[in-house]
Amino acid sequence: ALAALAKGYTHPALFNDEVIVKGLMHYGLPFEEAVSYIHSTCVEITPIKRSSVWVASPYHNLVKPLLELMGVMNEPACDADSLDELIGLYQQKLRKRIQYSVEDQNRQQMERAAWYTHPLVSCFVDDCIARGEDLDHGGAKYNFIESSFVGMANLVDSLYAIDRLVYKEKKLSLAEFGKILREDYRGHETIKNEICYKLPKYGNDIEDVDRLFKRLSEWIVDEMARYKTWHGSRFIPSMFCWVMHDQMGQTTPASPDGRLAAFPLGDGSGPAQGREHKGPTASILSSTSWPHEKFIGGIAVNLKFSKKLFSEESLDKLIDLVRVFFLRGGFELQINVVDREKLLAAQKNPDQYRDLVVRIGGYSDYFTNLSPTMQDEVILRTEHTL
C-alpha cells in the first residue's frame, strides 16, 4: 500500500481495524458484528447490512462560538478572567449548537418515518423483516446519527494563543483581540507574526497544546453521549471535513490562531495547514495524543511528503511512521506524495494537469477541479521529508 502511495497515488487510505472494532463495540455492537463494517464513501464507519446510519449530520464549525465570545460576531466580548472560564463559556455555546442540531436531526428522522419508505432495501437490512418495520421506520438494528466537528486544530491553537497573549502575558484584553480579528489583522502584523511564528501549535508534540486537544475532544464525546436519536439510537461524533473546512472557512472571520478571514479551517483532525515544524514524527505524536476510538463517525489525518525527495529508504521510514500511528491508536491516515512545484504548475496551467489527483479530507479529487482556496489549502500543507 505504501509503495503505491509513494508513487503518487492517493489510494489506499489506511484504516486501523483494531481501533474501529473497539469503537463499534463501545457503541453497543457485539464483536462478531463490529468486525463487519464499511467506511461509507469516505471515513464514516457504518455496520454492514444492519444499519441505517446518517453520516456527517451535521457539520459543526468549532471556531465560530469562540469568535462570538471574543466580540467578533455581533455580540460583545465576554468577561472571562481565565482560560478555564473561557472554555466553560465556549462549551455552553457549543452545547446549544449541538442541542439544536440534535432537535433538527431528530425532526428529520421523524419526518422520514412518516413520509418515506425503502421496501426493497429494507428486505436486505437486519432486522427490518423480523421487526416488520421499514428502514426509515426504525427497522435497522443501528440507527446512529454521526455528526462531524470541523476546525479543532484552529480552536486549540486559538485557545493557546488567547491564554498566552490575554491571560498570561496580558498584552491584550479579549475585546482588544476580538477587534484585531474583526480587522483581519490589518495593521496588526506584529501580533499576527508572533502568533504564527513564535507561539506553539498543535502538530509539534507539545504537551500543553496537545492536552487542550484531548480535553476538548473528550468533552465532545461525553456531550454527544447525552443524546438519543428519534429511533432511540446514538449520536456519534466524528472529526473529518470532506470539503466543509473550505466552505465553513469562507464564512468565518479571522481567528486567534493567525488564520485570516475566509481561509479554510484545518483539514480533518491533524494540524492546521503548514503548522508542523518538527517533522512527521512529531505530527503523528500530536495526532494520536488523544483517544480516537469513540469518533466512529470518522477521523482523517493528512500527511504530505515531497515526491522528489522520496527514496527506497524513505519508504522504510514511512512504514515505521505508519506503524507508530496505528500502535498509538490512530484511526485513519491518508498520504499525499507530491511536490509543491507540481501543484503550483497545475494552478498556472490546469489543462496540462487534468489527471493530477490529491487526497483532501477523507476523499481524493482532481486538483484542477478544486476551488482556488482549496488548491491553496493543499499547497500550504506542510511538505515533509523522510
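Throughout, a residue's number is its position along its own chain's written sequence, starting from 1. Totals for whole chains, interfaces and linings use all residues, but because this is a predicted model, local features are given only for residues with pLDDT of at least 70 and pairs of side-chain atoms are given and counted only at 80 or more. Only hydrogens and water are removed before side-chain values are computed, so all heavy atoms of the structure are retained for them.

(A) Quick look at the packing of helix α8 (residues 152-168) against helix α11 (residues 207-224). The convention used is that axes are lines fitted to C-alpha atoms, helices contributing only their stretch in contact, and that angles between N-to-C directions extend from 0 to 180 degrees. Here a helix means four or more residues in a row that DSSP labels H or I, a strand means two or more in a row labelled E, and each is numbered from the N terminus. The contact between α8 and α11 brings their axes to 9 Å, and the two run at 125°. Put simply, α8 runs oblique to α11. For α8 against α11, the interelement crossing comes out right-handed. Here α8 contributes Met152, Ala153, Leu155, Val156, Asp157, Leu159 and Tyr160 to the contact with α11, which in turn contributes Asp208, Val209, Leu212, Phe213, Leu216, Ser217 and Ile220. Across the contact of α8 with α11, the residue classes tally to 11 nonpolar, 1 polar and 2 charged. These descriptions rest on fixed angle ranges, namely under 35 degrees for roughly parallel, over 145 for roughly antiparallel, 65 to 115 for roughly perpendicular, and the rest for oblique. Handedness of a crossing follows from how the near helix is turned relative to the far one, being left-handed for an anticlockwise turn of less than a right angle and right-handed for a clockwise one. The contact definition used throughout considers only heavy atoms, calling two residues in contact when any of these lie within 4.5 Å. Gly falls in the polar group here, along with every residue not listed as nonpolar (Ala, Val, Leu, Ile, Met, Phe, Trp, Tyr, Cys, Pro) or charged (Asp, Glu, Lys, Arg).

(B) Fine view of the layout of surface pockets. Here the largest pocket is characterised by a volume of approximately 410 Å³. Definitions used for this entry: grid spacing 1 Å over protein atoms alone; cavity, a set of points where a 1.4 Å probe fits but cannot get out; pocket, an open set with protein on both sides within 12 Å along at least 5 of 7 lines; lining residue, one with an atom within 4 Å of a point. In this structure, the largest pocket is lined by 16 residues; those nearest its centre are Lys192, Cys196, Gly258, Gln273 and Arg275. Ranked by residues supplied to the lining of the largest pocket, first place goes to helix α10 (residues 189-197) with 3 residues. Residues of the lining of the largest pocket, tallied by class, amount to 6 nonpolar, 5 polar and 5 charged. Grid points are joined across faces, edges and corners, and a volume is the space filled by probe spheres set on the points. In this structure, the second largest pocket spans a volume of roughly 220 Å³. Around the second largest pocket, the lining comprises 14 residues; the ones closest to its centre are Gly8, Lys342, Asp355, Leu356 and Val357. Among the elements that make up the lining of the second largest pocket, the one with the highest residue count is strand β8 (residues 332-337) (3 residues). Considering only residue class, the lining of the second largest pocket consists of 7 nonpolar, 3 polar and 4 charged.

(C) Structural detail: the nonpolar core. One finds Leu86, Phe177 and Ile335 to be the most contacted residues of the largest nonpolar core, which totals 98 residues. Here the element with the most residues in this core is α8; it accounts for 11 residues. The residues touching Leu86, leaving out its near neighbours within four places in the chain, are Leu66, Leu69, Cys78, Ala80, Leu159, Ile162, Tyr167 and Leu174. Residue types Ala, Val, Leu, Ile, Met, Phe, Trp, Tyr and Cys, when buried and joined through side-chain atoms within 4.5 Å, form a set referred to as a nonpolar core. Per-residue accessibility, obtained with a 1.4 Å probe over protein chains only, is compared with the maximum for each type, and a residue is labelled buried under 20%, exposed over 50%, and partly exposed between these values. By size, the runner-up hydrophobic cluster in this structure holds 14 residues, among which are Val243, Leu343, Ala346 and Met374.

(D) Geometry of the sheet that holds strand β1 (residues 14-15). Here, strands pair whenever DSSP counts at least two bridges between them. Reading across from one edge, β1-β8-β7-β11 is the order of the 4 strands in this open sheet, with mixed pairing throughout. At either end of the open sheet lies a strand with only one pairing partner, and these are β1 and β11 (383-384). Inspection of the sheet shows strand β7 (residues 301-305) paired to β8 by 5 bridges, in the parallel sense. Looking at the pairing, Lys304 lines up with Asn336 of β8. Those strands touched by helix α13 (residues 279-287) are β7, β8 and β11, and its axis lies near 180° from that of β7.

(E) Region of the structure containing the packing of helix α5 (residues 83-115) against α11. The interhelical angle for the contact between α5 and α11, taken along N-to-C directions, is 35°, at an axis separation of 12 Å. As α5 packs across α11, the resulting crossing turns out to be right-handed. Across the interface between the two elements, Leu83, Asp84, Ile87, Gln91, Leu94, Arg95 and Ile98 of α5 pack against Leu212, Arg215, Leu216, Trp219, Ile220, Glu223 and Met224 of α11. When its residues are assigned to classes, the contact of α5 with α11 shows 9 nonpolar, 1 polar and 4 charged.

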